[in-house]
Amino acid sequence: MSKLAIIGTLEVEPGRRGEVLTAMLAHKTRCLRDEPGTLQFEVLTPLEDETRVLLYEIYRDEAAFEEHWNNPSLARFRDETAGIAVKLEVTKCAPVL
């Protein structure tokens, strides 16, 4: 089993990034606390684009990511940000060690 890294790009309604960040940071805390396969979870804000939030996450393996993707915490985040977090693009990557 090899680790899986995720680069996520979240598109946010203009002027609403603060609300998404509040929900995302709560989601991050829940994931790191409740999902043993979630090894790292970083939230980044581009300096020149207020309508994006970037995510960098590392999982133990593909199964851990699938567990994360289907976890109630992600469903809760989606509910909390409905209408303000417009689009999520996920790129799966293999970490080079």
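Presented here is a report on the structure given in the accompanying data block.

Parameters at a glance
Residues numbered from 1 in each chain as written. Predicted model: local features only at pLDDT ≥ 70, side-chain atom pairs only at ≥ 80, totals over all residues. Heavy atoms only, no water. Core = buried A, V, L, I, M, F, W, Y, C linked by side-chain atoms within 4.5 Å. Buried < 20%, exposed > 50% of the residue type's maximum accessible area, 1.4 Å probe, protein only. Helix = DSSP H or I, 4+ residues; strand = E, 2+ residues; numbered from the N terminus. Contact = heavy atoms within 4.5 Å. Pairing = 2+ DSSP bridges. Axes fitted to C-alpha atoms, helices over the stretch in contact; angles between N-to-C directions. Polar contact = N/O pair within 3.5 Å; in protein donor to acceptor, adjacent residues only side chain to side chain. Expected span 1.5 Å × (residues − 1). Arc of directions from axis to C-beta. 1 Å grid on protein atoms, 1.4 Å probe; cavity = no way out; pocket = protein on both sides within 12 Å on 5 of 7 lines; lining within 4 Å. Points joined across faces, edges and corners; volume = space filled by probe spheres on them. Salt bridge = Lys/Arg side-chain N within 4 Å of Asp/Glu carboxyl O.

**Brief notes about the nonpolar core**
Core analysis: the largest hydrophobic core is formed by 14 residues, its most contacted members being Leu10, Val20, Met24, Val53 and Phe77. The dominant element in this core, judged by the number of residues it contributes, is helix α1 (residues 17–34), at four residues. Apart from residues no more than four positions distant in its own chain, methionine 24 is found in contact with Leu10, Phe41, Val43, Leu55 and Phe77. Among the nonpolar cores identified, the runner-up in size contains five residues, and Leu4, Ile6, Ala64 and Phe65 belong to it.

**Let's talk about the sheet that holds strand β2 (residues 38–44)**
The strands making up a sheet associate through hydrogen bonds between their backbones, and the pairing can be parallel or antiparallel. Spatial strand order, β2-β3-β1-β4: four strands in an open sheet with antiparallel pairing. If you trace the sheet from one side to the other, it starts and ends with β2 and β4 (85–93), each paired once. Averaged over all adjacent pairs, the angle separating strand axes in this sheet is 15°, with direction ignored. As paired elements, strand β1 (residues 4–12) and β4 share eight bridges and run antiparallel to each other.

**What about the side chain of histidine 27?**
Here histidine 27 shows up in helix α1. Here histidine 27 falls in the buried class, since its relative accessible area comes to 2%. In this structure the side chain of histidine 27 is engaged in a polar contact, spanning 2.7 Å, whose partner is the side chain of serine 73. Setting aside residues no more than four positions away along its own chain, histidine 27 makes contact with Phe41, His68, Ser73, Leu74 and Phe77.

**Some remarks on α1**
Along its 18 residues, α1 runs 25 Å from first to last C-alpha, staying within 8% of the 26 Å computed at 1.5 Å per residue. Residues Arg17, Val20, Ala23, Met24, His27, Arg30 and Cys31 constitute the buried set of α1. The buried residues of α1 occupy an angular sector of 145° when projected down its axis, which confines them to one face. What points out from α1, more than 90 degrees from its buried face, is the exposed set Thr22 and Arg33.

**Comments concerning the layout of surface pockets**
The space that makes up the largest pocket amounts to roughly 240 Å³. Lining the largest pocket are 23 residues; nearest its centre among them are Leu10, Leu74, Phe77, Arg78 and Leu88. Breaking the lining of the largest pocket down by element, the ones donating at least two residues are β1, α1, β3 (52–59), α2 (62–69), α3 (72–80) and β4. Take the lining of the largest pocket: its biggest share by element is five residues, from β4.

**Describing the pattern of salt bridges**
Should their charged atoms come close, side chains of opposite charge can pair. This model, assessed by the stated rule, comprises ten salt bridges. We note a salt bridge from glutamate 50 to arginine 17, for which the minimum N-O separation is 3.3 Å. Separated by 33 residues along the polypeptide, glutamate 50 in the loop between β2 and β3 and arginine 17 in helix α1 bring together distant segments of the chain. Put simply, lysine 92 and glutamate 66 hold a salt bridge, and the shortest N to O gap is 3.9 Å. Of the two residues, lysine 92 sits in strand β4 while glutamate 66 sits in helix α2, which places them 26 residues apart along the sequence.

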